[in-house]
Structures are given as C-alpha cells and as structure tokens.
Amino acid sequence: MKPGNALLAQVREDVQNRTRRTRETAAMRRMVRETRLSADNLVYPMFVVEGGGVKQEISSMPGQHQLSVDRLVEECREVAALRIPGVILFGIPQHKDDAASEAYAGKGVVQEAVRAVKDALPELCVITDVCLCEYMDHGHCGVVEEGRILNDPTLDLLERTAVSHAQAGADMIAPSDMMDGRVGAIRRALDRAGFAQTPVMAYSAKFASAFYGPFRVAAESAPAFGDRSSYQMDPANGREAQREIDFDIAEGADIVMVKPALVYLDVLARARDRVNLPMAAYNVSGEFAMLAAACRNGWLDPERAFMEVLTAIRRAGADLILTYFAKDAARRLQGDAKTPLSFM
Ligand code: PBG
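First, a word on what this report is: a plain description of the structure on this page. (Residues numbered from 1 in each chain as written. Predicted model: local features only at pLDDT ≥ 70, side-chain atom pairs only at ≥ 80, totals over all residues. Heavy atoms only, no water.)

1. Description of the overall build of the chain
Okay, so step 1: For the chain, the helix and strand inventory stands at 12 helices and 12 strands.
Okay, so step 2: The C-alpha radius of gyration of the chain comes to 22 Å, within 12% of the 20 Å expected for a compact globule of 344 residues.
Okay, so step 3: The buried share of the chain, reckoned over its 344 residues, is 54%.
Okay, so step 4: Taking all contacts inside the chain whose residues are at least 6 apart in sequence as the whole, residues at least 24 apart take part in 72%.
Okay, so step 5: When the accessible surface of the chain is summed, it comes to about 16,100 Å², and 49% of that surface belongs to carbon and sulfur atoms.
Okay, so step 6: Distance between charge centroids for the chain: 9 Å, based on 41 positive and 47 negative side chains. (Helix = DSSP H or I, 4+ residues; strand = E, 2+ residues; numbered from the N terminus. Rg over C-alpha atoms; globule rule 2.2 N^0.38 Å. Buried < 20%, exposed > 50% of the residue type's maximum accessible area, 1.4 Å probe, protein only. Contact = heavy atoms within 4.5 Å. Areas by Shrake-Rupley, 256 points an atom, 1.4 Å probe, with all protein chains shown as cover. Lys, Arg positive; Asp, Glu negative; His and termini not counted. Charge placed at Lys NZ, Arg CZ, Asp CG, Glu CD.)

Shown next, in the form of structure tokens:
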C-alpha cells in the first residue's frame, strides 16, 4: 500500500457521517428535498347525481359530496382556481338496469356533467371514470349471466361508454373495470369514432380492496351478490400487477395507474423502475376515510398527516395522485394556512 492510501484510510476513520448537517435549517432542508408535491400532481375525484341544487355530504367521506351538475360546475371553478389541473367524474344515475344503459346514454349524468364543466371551464382537464358498476342494478362492473361476470360482452358496453364520454367532450378516459383487453378495445373504439387524440388512463393494477368501502356508499355501487375478486386483482400479487401494467401499455394506455395507493406503494415503486409512461396512483376512499377518522378523533395531526401521505405516494413514483385531499393540499401548497381542512 502506498503511504498516501494509509493516510486516506486514517482520515476516513476520523470522519463521522453527519446527515444532520443538511437538516439544520428550513432553508437547507428545502435545498436537499428529493420529492416535491405540487398542485400539478393532483386530480380531484367528484361524484355527480341527477337533479339541480344538490350538494349532499357523503356519510362515509367527511367533506366530500354528491353534486348535481350545477353545483359540480361551481365546485370545479374552485378546483380550477386552486390550479389543480384535472378532475375525475363518477356518475350516479337514478335508473340502474342489467345493461348499464345510463352509462352510455347521450344525456346520461356524466355526459351532461362533462358538457357543462367543459363549457364553463375549457381549460380544466375533465377525466371520466369508465365503469359499469354504478349503472348496473346488480352493482358488478360487467355483464352478469348465471352469477358470473362475462368479459367480452362487457367490452362492448365499455366501448360505447368511453365513446359517449369523448363525444360529450371528456379530455381523458379512465377505465376502472378490470376486464381483460378493455384498454385495447376502448382505444380502437375511440380511434374509430374520431377520438384518436383522446388519451386513456388505465386503472392497470387495481386490487380487490376493502379500501373502496366508503366510495361504494358514495357511488351506490356495492355489488348485490359476491365480490369483485373474479376481475379485480388479488392483494397478494405484486408480480401479476406488473403484468397487468405491461398488458395495458401494450394495448395503448397513455397513463397507467396503481390502486389503491398506500397499501400498494411497493407495486408503484417497482413499476416506476420499469415503466416510462406517466404513472398515477389512486389514494382511495378508504385511505381518505381512515386518515380523516383518526384526525377527527384527535389521534393524528391532520395538517401533517395528509401531506405526508401525498408526499409518500410521490416518493414511491407517482406523477399523478387521484385524491380527495386535492383541494386541501393545493391550498396549503399555495401558502393558505388558514382555510380549515375540508375533512375536519
Ligand atoms: C368503479 C370504481 C371504484 C373506485 C373507483 N372506480 C370502486 C370499486 O371498484 O368498487 C374506488 C375509488 C375509491 O375507493 O376512492 N369500479
């Protein structure tokens, strides 16, 4: 060994690793922060019902509402003013049947909502959730025959739904049903109908999760029999999630999603390492309700907890976060520390 190396080894031994140096001041912490959360990363999910003047709080989701089209437009103005780039709309029709006919009705509740929001706020990105469960009398995401959920007959209805949303002016289509081949089917249907420019955000790795419970109260979409395990993914399957993501990319997805977010951050992080498409994560209703409940009980500090959750989802690799916290986060990020949190 050369004498210089011995000296170097000695110096190394004397050097303490002091990661606290760059934690000392707020300015320093800002400089070395690895993950940024911005309003640009947020998408706000909203529930539309028929009628006028309706703003009905959802019992399982404090501060979230079922809104009629007129009130939805009002709330979208607030969302746009907070510089949140997009909303995702879920429709709750009055009439449900076994063909989900309101899902693709020209004057369906989502179609009317899209037209009204695009008319009032052309700059706001309006995404539509494409699924049949809210429109089916049995609450399943596909066509049912003898207690089974049929794959290919469901694709026809999903295609019609997606095209009707695009015709109403939707900026992006987000299929959440988990039928095989639906991304390709919807892509082709959109292209044939003249919507080659309308992107598809696929709920690619969507798990059969208990954390959708509060949403099903909000969307009145709980299945009347059985559960969704024959089409949504087994929560135990991380590798299969990567296959689902690959299939959706091959079928033409523009953005791929992992859902739920928090309990599946490993799936998100693994996909982030391999996937060069923008990635979304859905911070679902149960994750929202769980945090809101703990905060309302005084068990968690609301101001810190929800921002930590959103930052963690970004750190794991999401470009976009679909979250009921979107408006609260946008306000805090703008420096508004005063407006009370909507879930408290
Ligand atoms: C429709 C759909 C669901 C969610 C988004 N789209 C519910 C489900 O699959 O049962 C859940 C969203 C949430 O929990 O916030 N299929």
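2. Examining the nonpolar core
Okay, so step 1: Core analysis: the biggest nonpolar cluster contains 118 residues, and F47 and M201 have the highest contact counts within it.
Okay, so step 2: In terms of residue count, the dominant contributor to this core is helix 11 (residues 302-316) (eight residues).
Okay, so step 3: Residue contacts for F47: discarding those within four places in its chain leaves I58, M61, H65, Q66, L67, F90, I92, F215, A218, A219 and Y324. (Core = buried A, V, L, I, M, F, W, Y, C linked by side-chain atoms within 4.5 Å.)

3. Observations concerning the pairing of strand 4 (residues 86-92)
Okay, so step 1: Burial within strand 4 is extensive, with seven of its seven residues counted as buried.
Okay, so step 2: What you see with strand 4 is no split at all: G86, I88, F90 and I92 on one side and V87, L89 and G91 on the other are buried throughout.
Okay, so step 3: When strand 1 (residues 42-49) meets strand 4, the two strands line up parallel, connected through seven bridges. From the neighbouring strand, V43 faces strand 4, where its bridge partner is G86.
Okay, so step 4: Of the strand pairs in this sheet, strand 4 and strand 5 (residues 125-130) are connected by four bridges, and their pairing is parallel. Its bridge partner lying in strand 5, V87 is registered against V126. (Pairing = 2+ DSSP bridges.)

4. Some remarks on the site of the ligand
Okay, so step 1: Around the ligand lies a shell of 18 residues, among which K206, R216, K259, S285 and Y324 are the nearest.
Okay, so step 2: One nitrogen or oxygen atom from the side chain of D129 is found 3.5 Å from a nitrogen atom belonging to the ligand.
Okay, so step 3: Taking R216, its side chain carries an N or O atom lying 2.6 Å from an oxygen atom of the ligand.
Okay, so step 4: For the ligand, whose unbound accessible area comes to 400 Å², protein coverage reaches 100%.
Okay, so step 5: Residues belonging to the shell around the ligand are distributed by class as follows: 10 nonpolar, three polar and five charged. (Near = heavy atom within 4 Å. Polar contact = N/O pair within 3.5 Å; in protein donor to acceptor, adjacent residues only side chain to side chain. Nonpolar A, V, L, I, M, F, W, Y, C, P; charged D, E, K, R; others polar.)

5. Re the packing of helix 3 (residues 69-81) against helix 4 (residues 109-120)
Okay, so step 1: One way to put it is that helix 3 packs onto helix 4 with a least axis distance of 9 Å and a crossing angle of 40 degrees. With respect to their mutual orientation, helix 3 and helix 4 come out oblique. Helix 4 is crossed by helix 3, and the crossing has right-handed handedness. Facing V69, L72, V73, C76 and R77 of helix 3, the residues of helix 4 in contact are V109, E112, A113, A116, V117 and A120. (Axes fitted to C-alpha atoms, helices over the stretch in contact; angles between N-to-C directions. Parallel < 35°, antiparallel > 145°, perpendicular 65-115°, else oblique. Left-handed = near helix turned anticlockwise from the far one by under 90°.)

6. Section: the pattern of salt bridges
Pairs may arise between side chains of opposite charge once their charged atoms sit close together.
Okay, so step 1: Inspection of the entire model under this criterion finds 16 salt bridges.
Okay, so step 2: The partner of K327 in a salt bridge is E75, and the shortest N-O contact between them spans 2.7 Å. One end of the pair, K327, is in helix 12 (residues 326-333); the other, E75, is in helix 3, with 252 residues separating them in the sequence. Judged on exposure class, the residue K327 and its partner E75 are both buried.
Okay, so step 3: Here D171 and K118 are joined by a salt bridge, their closest N and O atoms 2.8 Å apart. One end of the pair, D171, is in the loop between helix 5 (152-168) and strand 8 (172-175); the other, K118, is in helix 4, and 53 residues separate them in sequence.
Okay, so step 4: What emerges from the salt-bridge pattern is a single network uniting K55, E75, E78, K327, D328 and R331. (Salt bridge = Lys/Arg side-chain N within 4 Å of Asp/Glu carboxyl O.)

7. Considerations on unusual backbone geometry
Of all residues except glycine, most have a negative phi; of all peptide bonds, most are trans.
Okay, so step 1: A cis geometry characterises the amide bond from K259 onward to P260, with omega recorded as -10 degrees.
Okay, so step 2: Note that P260 resides in the loop between strand 10 (255-259) and helix 9 (265-274).
Okay, so step 3: Although it is not a glycine, R83 adopts a positive phi angle of roughly 65 degrees.
Okay, so step 4: Tracing the backbone shows R83 in the loop between helix 3 and strand 4.
Okay, so step 5: Residue R83 is classed as exposed on the basis of its relative accessible area, which comes to 62%.
Okay, so step 6: The backbone phi angle of M178 is positive, close to 70 degrees, even though this residue is not glycine.
Okay, so step 7: Secondary-structure assignment places M178 in the loop between strand 8 and helix 6 (182-192).

8. Regarding the packing of aromatic side chains
Okay, so step 1: If you walk through the whole model with that rule in mind, you get 13 aromatic pairs.
Okay, so step 2: Just above the ring of Y212 sits the side chain of K259; from NZ or CZ to the centre is 4.5 Å.
Okay, so step 3: Across from the ring centre of Y282, 4.9 Å away, lies the NZ or CZ of K259, which sits over that ring. (Phe/Tyr/Trp six-rings, centres within 6.5 Å; stacked < 30°, edge-to-face > 60°. Lys NZ or Arg CZ within 6 Å of the ring centre and 35° of its normal.)

By themselves, these are just geometric observations and shouldn't be taken as functional.
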